[in-house]
Number of protein chains: 2
Amino acid sequence: MNQALPAPTPPGATLEHLRARCATCSMHQLCLPMGLDMADMDRLDRIIGRRRKVARGGTLFRIGAPFGSLYAIRLGHFKTYQLNPDGAEQITGFQMAGELLGMDAISTDRHHCNAIALEDSEVCEIPFASLQQLLVDMPALLRHFHRMMSQEITREQGVMLLLGNMQATQRFAAFIVNLSSRYEARGYSPNSFQLRMSREEIGNYLGLTIESISRLLSKFKKEGLLRVSNREIELLNPARLKAITAGTQTCG
Amino acid sequence: MNQALPAPTPPGATLEHLRARCATCSMHQLCLPMGLDMADMDRLDRIIGRRRKVARGGTLFRIGAPFGSLYAIRLGHFKTYQLNPDGAEQITGFQMAGELLGMDAISTDRHHCNAIALEDSEVCEIPFASLQQLLVDMPALLRHFHRMMSQEITREQGVMLLLGNMQATQRFAAFIVNLSSRYEARGYSPNSFQLRMSREEIGNYLGLTIESISRLLSKFKKEGLLRVSNREIELLNPARLKAITAGTQTCG
DNA sequence: CGTAGTATTGAATGCGGTCAAGGCTGGTGG
DNA sequence: CCACCAGCCTTGACCGCATTCAATACTACG
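Residues numbered from 1 in each chain as written. Chains lettered and ligands numbered in written order. Predicted model: local features only at pLDDT ≥ 70, side-chain atom pairs only at ≥ 80, totals over all residues. Heavy atoms only, no water.

K.L.:
I'd like a rundown of the interface of chain A and chain B, residues and numbers included.
P.N.:
In this complex, chain A contributes 48 residues to the contact, which on the side of chain B involves 48 residues. Here chain A packs against chain B, burying approximately 4,200 Å² in sum over the two surfaces, 57% of which is carbon and sulfur. Taken together, chain A and chain B are joined by four salt bridges. Close ionic contact of A:D109 with B:R147 constitutes a salt bridge, the shortest N to O distance being 3.1 Å. At the level of secondary structure, the elements contributing two or more residues to the side of chain A that touches chain B comprise strand 4 (77-83), strand 5 (89-96), helix 3 (128-137) and helix 4 (139-165) of chain A. The leading source of residues in the side of chain A that touches chain B is helix 4 of chain A, at 20 residues. Looking at the side of chain A that touches chain B residue by residue, the classes come out as 21 nonpolar, 19 polar and eight charged. (Contact = heavy atoms within 4.5 Å. Buried area = accessible area lost by both parts, 1.4 Å probe. Salt bridge = Lys/Arg side-chain N within 4 Å of Asp/Glu carboxyl O. Helix = DSSP H or I, 4+ residues; strand = E, 2+ residues; numbered from the N terminus. Nonpolar A, V, L, I, M, F, W, Y, C, P; charged D, E, K, R; others polar.)

This is the structure we're talking about:
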């Protein structure tokens, strides 16, 4: 937990901030501080409550819990899900480093979904009251915050398209391609990565059953589109996967 | 188009503003000016570019068009839809008076969906650049704007739940109940209203076919849940409809 | 090595889609 | 007034995709 030999601390920065500052975070070009100068980034750093660790399977927030903060993922992966009145889960998204959690809670001051870590993860807690004050002073931050909320709206519209209009094969291809591009944006290989979620979670998200996902994986494997080993995925023909996503015929 | 006898114009207000101001708009308790005092409402009024009429079937904005303004619906109904790469439509929402259109465009400065009037409608054009300046000065407006964006996120999550988790009967019941509550919030009867959209549009939105919608309407009619005449709908057993929405068994 | 959770595969079923025919409604024009 | 037409809706019969049910295999972990 504690460093044996703390590095010299520049004025105004606590040890905590030294360990994890926006400026030194690899996600700062995707996350909330995008486009801020050093001074503004520093101001943002100072309102961040704490860097919180969430163990695999741990809960970041729960439906109905009072809303106080947004959370920027520093490291790891999360899922968010809603509950049907009858208790069934619907996963509404898988979030990765650089993405913001909790924006759906602003409307009612209560969280509307559960957020669970898919692996050991770390988030930056951003108290919303403090953020609001900062937004007034920092037009660039205001603008980017609005972009991030808007992006979430757009993302969800894409899922609606997927769930409302696409066949199983198309949905699954779109899912893989989406993950691929997000890893690419983060500097990882777009063609080789690990699924952080179970088959069941993928199926739930895509409105399909676990068996369907399993069959689709086998099918794509057989067609030479993917190499699959447990949760390790390799895209052997990304262009073709994109074509399937786009609705081009899946056979041949 | 023009009034024969213009009323006396108070200082700072144009004729246009006189005819349609936030303060006198029946939607101001739901719309962007919610909770503003008269002075602030007036400032908001002054940035509103114009009140624009859109005829039934007319386009408010198109996918790819540059984003300049948000639109508050003053009167009428709209649908928004996305396009599959293969050209298929997916309706992502039906919007009514007091709701805000165009928030998905903030992220990329381009619209991500088409917005079409379902009947002769009127919107208030809110130039986004001007709105941003106002947000800095008016904390209440900033807060409510964030609430409205957040609400849109929450709404879409609800649709994801519907599309990903519910059966046809449940989806359709949820759709009717949702409309009902929105009309109620606007002071209209929750149990008797007109559908502004075709069966085909309902089906598209719910991820079902027009035939399924027709069959579901007949089924609900037969079960004494609805009275239906063309697009006129009467809810005869709202409680039961809500129960179906909640996943309670649909038979018996 | 045993167990629990997770994933794969096969066979049968059923919900909602597809295809097809016909009805209703509202508008237009003879 | 009625005839006609186009768009929208309803209903029926059949079909197919994804689910359900069931059995088995794999993997991680003690």
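K.L.:
Give me the protein's contact with DNA strand C: which residues, what numbers.
P.N.:
A:R199, A:S214, A:S218, B:A168 and B:S212 are the nearest of the 16 residues found near DNA strand C. What you see for DNA strand C is that sugar and phosphate hold 67% of its atoms within 4 Å of the protein. Separating a base nitrogen of DNA strand C from a side-chain N or O atom of A:R215 is a distance of 2.9 Å. Take B:T209: an N or O atom from its side chain is 3.1 Å from a phosphate oxygen of DNA strand C. For the surface near DNA strand C, the elements supplying multiple residues, two or more each, are helix 7 (210-222) of chain A together with helix 7 (210-222) of chain B. Grouping the constituent residues of the surface near DNA strand C by class yields two nonpolar, eight polar and six charged. (Near = heavy atom within 4 Å. Polar contact = N/O pair within 3.5 Å; in protein donor to acceptor, adjacent residues only side chain to side chain.)

K.L.:
I'd like to hear about the pattern of salt bridges, residue by residue, with values.
P.N.:
The final tally for this structure, using the stated rule, is 34 salt bridges over all chains. Note that B:E234 is salt-bridged to B:R227, the shortest N-O span being 3.1 Å. Under the relative-accessibility criterion, B:E234 is labelled partly exposed at 30%. Here the salt bridges do not stand alone but share partners, grouping A:R21, A:D42, A:D45, A:R46 and A:R51 into one network. (Buried < 20%, exposed > 50% of the residue type's maximum accessible area, 1.4 Å probe, protein only.)

K.L.:
Lay out the protein's contact with DNA strand D in plain terms, naming residues and giving numbers.
P.N.:
Residues in contact with DNA strand D amount to 16 residues; listed here are only the nearest, A:A168, A:S212, A:R215, B:S214 and B:S218. The protein-proximal atoms of DNA strand D, defined as those within 4 Å of the protein, are 66% sugar or phosphate. Contact between DNA strand D and A:A168: a phosphate oxygen at 2.8 Å from a main-chain N or O atom of the residue. A distance of 2.3 Å is found between a phosphate oxygen of DNA strand D and a side-chain nitrogen or oxygen belonging to B:S218. Considered class by class, the residues forming the surface near DNA strand D number two nonpolar, eight polar and six charged.

K.L.:
Which residues make up the relation of the copies chain A and chain B, and what are the values?
P.N.:
It takes a turn of 180° to lay chain A on chain B, together with a shift of 0.0 Å along the axis; the resulting RMSD is 0.0 Å. Here the symmetry operator amounts to a two-fold rotation axis. (Least-squares fit on C-alpha atoms with pLDDT ≥ 70 in both.)

K.L.:
Could you give an account of the state of the cysteines, naming the residues involved and the relevant values?
P.N.:
Residues and elements named next belong to chain B. Throughout the structure, instances matching the rule amount to zero disulfides over all chains. In this structure C113 is a free cysteine whose sulfur lies 17 Å from that of C31, the closest cysteine sulfur available. Assessed through its relative accessible area of 1%, C113 is described here as buried. (Disulfide = S-S within 2.5 Å.)

K.L.:
Outline the domain arrangement of chain A, supporting the account with residue identities and numerical values.
P.N.:
Residues and elements named next belong to chain A. Domain annotation of chain A identifies domain 1 (15-161) and domain 2 (167-245). Between domain 1 and domain 2, the C-alpha centre-to-centre distance is 25 Å. In this complex, domain 1 contributes 19 residues to the contact, which on the side of domain 2 involves 13 residues. Across the domain 1-domain 2 interface, the total number found is four salt bridges. The shortest N-O distance in the salt bridge between E119 and R196 comes to 3.3 Å. For the pair domain 1 and domain 2, the interface holds 10 residue pairs in polar contact (both at pLDDT 80 or more). (Domains from an automatic or database assignment.)

K.L.:
Residues and numbers for helix 7 of chain B, please.
P.N.:
Two residues of an α-helix separated by three or four positions point the same way, owing to the 3.6 residues in each turn. All names here are of chain B. With 13 residues, helix 7 should reach 18 Å at 1.5 Å per residue; the first-to-last C-alpha distance of 18 Å fits that figure. Among all positions of helix 7, only I213, L216, L217 and F220 are buried. All buried residues of helix 7 lie within an arc of 100° about the axis, which places them on one face of the element. In helix 7, the exposed residues that point more than 90 degrees away from the buried face are R215 and K222. Once helix 7 ends, the next one or two residues include G224, with phi positive near 75°. (Expected span 1.5 Å × (residues − 1). Arc of directions from axis to C-beta.)

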